[in-house]
Amino acid sequence: MSAFKTDGARAAGAPLRVWDRPVRLLHWGLAACVAMAWWSSDDTGPLHERVGYVTLALLAARVAWGFGGSRYARFAQFVRTPAATLAYARLALAGHAPRYLGHNPLGAWMVLALLAIMALLGFTGWLYTTDRFWGYGWLAHLHQSLGWALLACVALHVGGVLWTCLQHRENLVRAMVTGRKAPPRGDDVA
């Protein structure tokens, strides 16, 4: 892992812009859609279906931004190899994980898991509205199971954020609202 080099302005304590506006809006928009979809999961009317379509649209925008967005939004910047992720996990369990300015390796894989599960939920939900797959019990069960898997990943995500906040003494929730993180320290990873 390479240490982050600071320049004069950042070394002076100026916050660093990490999360751009599209990342933050898409993050909170997807979070709101997940909450609304869960709340409306017993609704057999159009609300749950519409929330699913909005979720798929936001998801498509986030994936596009992950390939063409700003530095810390790009998947290529934050997704690490499984070996690097395992090494980070070992350090994290030992209480010695380095601070990442963007997503840490475990957080990066969680982003991919959340996006994949949401895509599968949207796809299975859409399939259920088609004439060919309407009423299939296995599809309804799969969709429901994916919903529970998403909730489990959300719980792990929130737990990871809280753990990282405590470990590095920084407010990541505020950073996802403002887009700014504390200035880099000498051992941070860019």
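Thresholds applied
Residues numbered from 1 in each chain as written. Predicted model: local features only at pLDDT ≥ 70, side-chain atom pairs only at ≥ 80, totals over all residues. Heavy atoms only, no water. Helix = DSSP H or I, 4+ residues; strand = E, 2+ residues; numbered from the N terminus. Expected span 1.5 Å × (residues − 1). Buried < 20%, exposed > 50% of the residue type's maximum accessible area, 1.4 Å probe, protein only. Contact = heavy atoms within 4.5 Å. Polar contact = N/O pair within 3.5 Å; in protein donor to acceptor, adjacent residues only side chain to side chain. Phe/Tyr/Trp six-rings, centres within 6.5 Å; stacked < 30°, edge-to-face > 60°.

A. Representation of helix 7 (residues 137–168). When the terminal C-alpha atoms of helix 7 are compared, their 46 Å separation across 32 residues agrees well with the 46 Å that a helix rising 1.5 Å per residue should span. Of the positions making up helix 7, those classed as buried are L139, L146, G147, L150, C153, V161, T164, C165 and H168. Tucked inside the fold, the buried residues of helix 7 contact helix 2 (21–39), helix 6 (105–129) and helix 8 (172–178). Looking one or two places after helix 7, you find R169, whose phi comes out positive at around 50 degrees.

B. Fine view of the side chain of T164. Residue placement: T164 occurs in helix 7. On the basis of relative accessibility, which here comes to 9%, the residue T164 falls in the buried class. Of the polar contacts made by the side chain of T164, one reaches the backbone oxygen of G160; its length is 2.8 Å. Those residues in contact with T164, other than ones at most four positions away along the chain, are N104, R169 and L172.

C. Region of interest: the packing of aromatic side chains. Within this structure, the stated rule accounts for 9 aromatic pairs. Ring geometry for F67 and F75: centres 5.3 Å apart, planes at 75 degrees, overall edge-to-face. Taking the centre distance of 5.7 Å and the plane angle of 70 degrees together, the rings of F75 and F78 count as edge-to-face. With F75 and F78 both in helix 4 (residues 75–78), this residue pair falls 3 residues apart, about one helical turn. Owing to a relative accessible area of 10%, F75 belongs among the buried residues under this scheme.

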